[in-house]
Amino acid sequence: MRWFNHVAVAGSIAAVIDPGMVPLAMLGSTAPDWMEWIGSTAGRKVKHRTVTHVLLTWLTAAAFFLLVWDFRGWGVAFAVGAICHWLQDSLTVTGVPVSWWSDRRTTLLGGRMRTGGMGEYILSGVVVLACGLAVFMFRAPDTGFVPFFRNWPELYREGIVDGAEWRAHRFEWF
Ligand SMILES: [Zn+2]
């Protein structure tokens, strides 16, 4: 899978859950690949789609960030991005390992996709469109209010928050 598609898919899925997750999800969406690269430059040759591509590792990380500790939800966003990466790679012919004991790689939906082929771009397009639609539909119909984005200037104008509160929050977009 191309990085462009990893970033596009993880970014739009994160936008549906919480736009604040988007940057870290995008970073995480390419992590399984760039971690191989870091490992290799650090002198430990990491084979492609092995240790950094184990689903169980990323699920464990996500569970840890959800249940034990996280910083502003960044950890879980990163892990969600990496899980998206795994799911996308699992659609390709080569497949990816599920657990630390996997002696073979798993493919989903027949693993018919070829890296760099048309298929992955079409898939990304569909996911991005669906997520865009979801974000659009979750808005309250009368106000156009997107629940994720607290619209501070609007609240101020409507007199719901006072001036001090508005000044304190005006640069918070999420
Ligand atoms: Zn990969």
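- The name an unreviewed UniProt entry assigns to the protein is Membrane-bound metal-dependent hydrolase, from the organism Thauera aminoaromatica.

### Things to note about the overall build of the protein
Okay, step 1: The helix and strand inventory of the protein stands at seven helices and zero strands.
Okay, step 2: Seen in sequence order, the protein has helices and strands lined up from the N terminus as α-α-α-α-α-α-α.
Okay, step 3: Here the protein, with 174 residues, has 35% of them falling under the buried criterion.
Okay, step 4: Long-range contacts, defined as pairs at least 24 residues apart, comprise 54% of the intrachain contacts of the protein with a sequence gap of at least 6.
Okay, step 5: Approximately 10,600 Å² of the protein is accessible, and the part contributed by carbon and sulfur atoms is 69%.

### Section: the coordination of the zinc ion
Okay, step 1: Protein ligation of the zinc ion involves D33 (OD), H53 (NE2), H85 (NE2) and D89 (OD), the donor distances falling in the range 2.2 to 2.4 Å.
Okay, step 2: Here the donor residues of the zinc ion share one chain and are spaced in sequence as D-x19-H-x31-H-x3-D. Of the two residues, H53 sits in the loop between α2 (22–41) and α3 (55–67) while H85 sits in helix α4 (residues 74–90), which places them 32 residues apart along the sequence. One exposure class covers both H53 and H85, and it is buried.

### Comments concerning the packing of aromatic side chains
Okay, step 1: In the structure shown here, the tally under the stated rule is six aromatic pairs.
Okay, step 2: Centroid distance W34 to F78: 6.2 Å. Interplanar angle 65°. Geometry classified as edge-to-face. Taken together, the residues span a long stretch of sequence, with W34 in helix α2 and F78 in helix α4 at a distance of 44 residues.
Okay, step 3: Take W34: its relative accessible area is 22%, and that puts it in the partly exposed class.
Okay, step 4: Ring geometry for F64 and F65: centres 5.6 Å apart, planes at 75°, overall edge-to-face.
Okay, step 5: Joined through ring pairs, the aromatic side chains of W34, W58 and F78 make up one cluster.

Rules used throughout
- Throughout, a residue's number is its position along its own chain's written sequence, starting from 1.
- In keeping with the predicted nature of the model, local features appear solely for residues at pLDDT of at least 70, side-chain atom pairs appear and are counted solely at 80 or more, and the whole-chain, interface and lining totals rest on all residues.
- Excluded from the side-chain calculations are hydrogens and water; all other atoms, namely the structure's heavy atoms, are used.
- Only runs of H or I of at least four residues qualify as helices and only runs of E of at least two qualify as strands under DSSP, and these elements are numbered from the N terminus.
- Remark: exposure states derive from per-residue accessible area (1.4 Å probe, protein chains only) relative to the maximum for the residue type, with buried under 20%, exposed over 50%, and partly exposed in between.
- Working rule for contacts: check all heavy atoms of both residues, and any pair within 4.5 Å makes them a contact.
- Surface accessibility follows the Shrake-Rupley procedure with a 1.4 Å probe radius. Residue values consider only the protein chains on display as shielding.
- Each metal's donors are the N, O and S atoms found within 2.8 Å of it, except that Na, K and Ca use a 3.2 Å limit; water is left out, so coordination can look incomplete.
- Think of it this way: a Phe, Tyr or Trp ring, Trp meaning its six-membered ring, pairs with another when their centres are within 6.5 Å, and the plane angle makes it stacked under 30 degrees, edge-to-face over 60, tilted otherwise.

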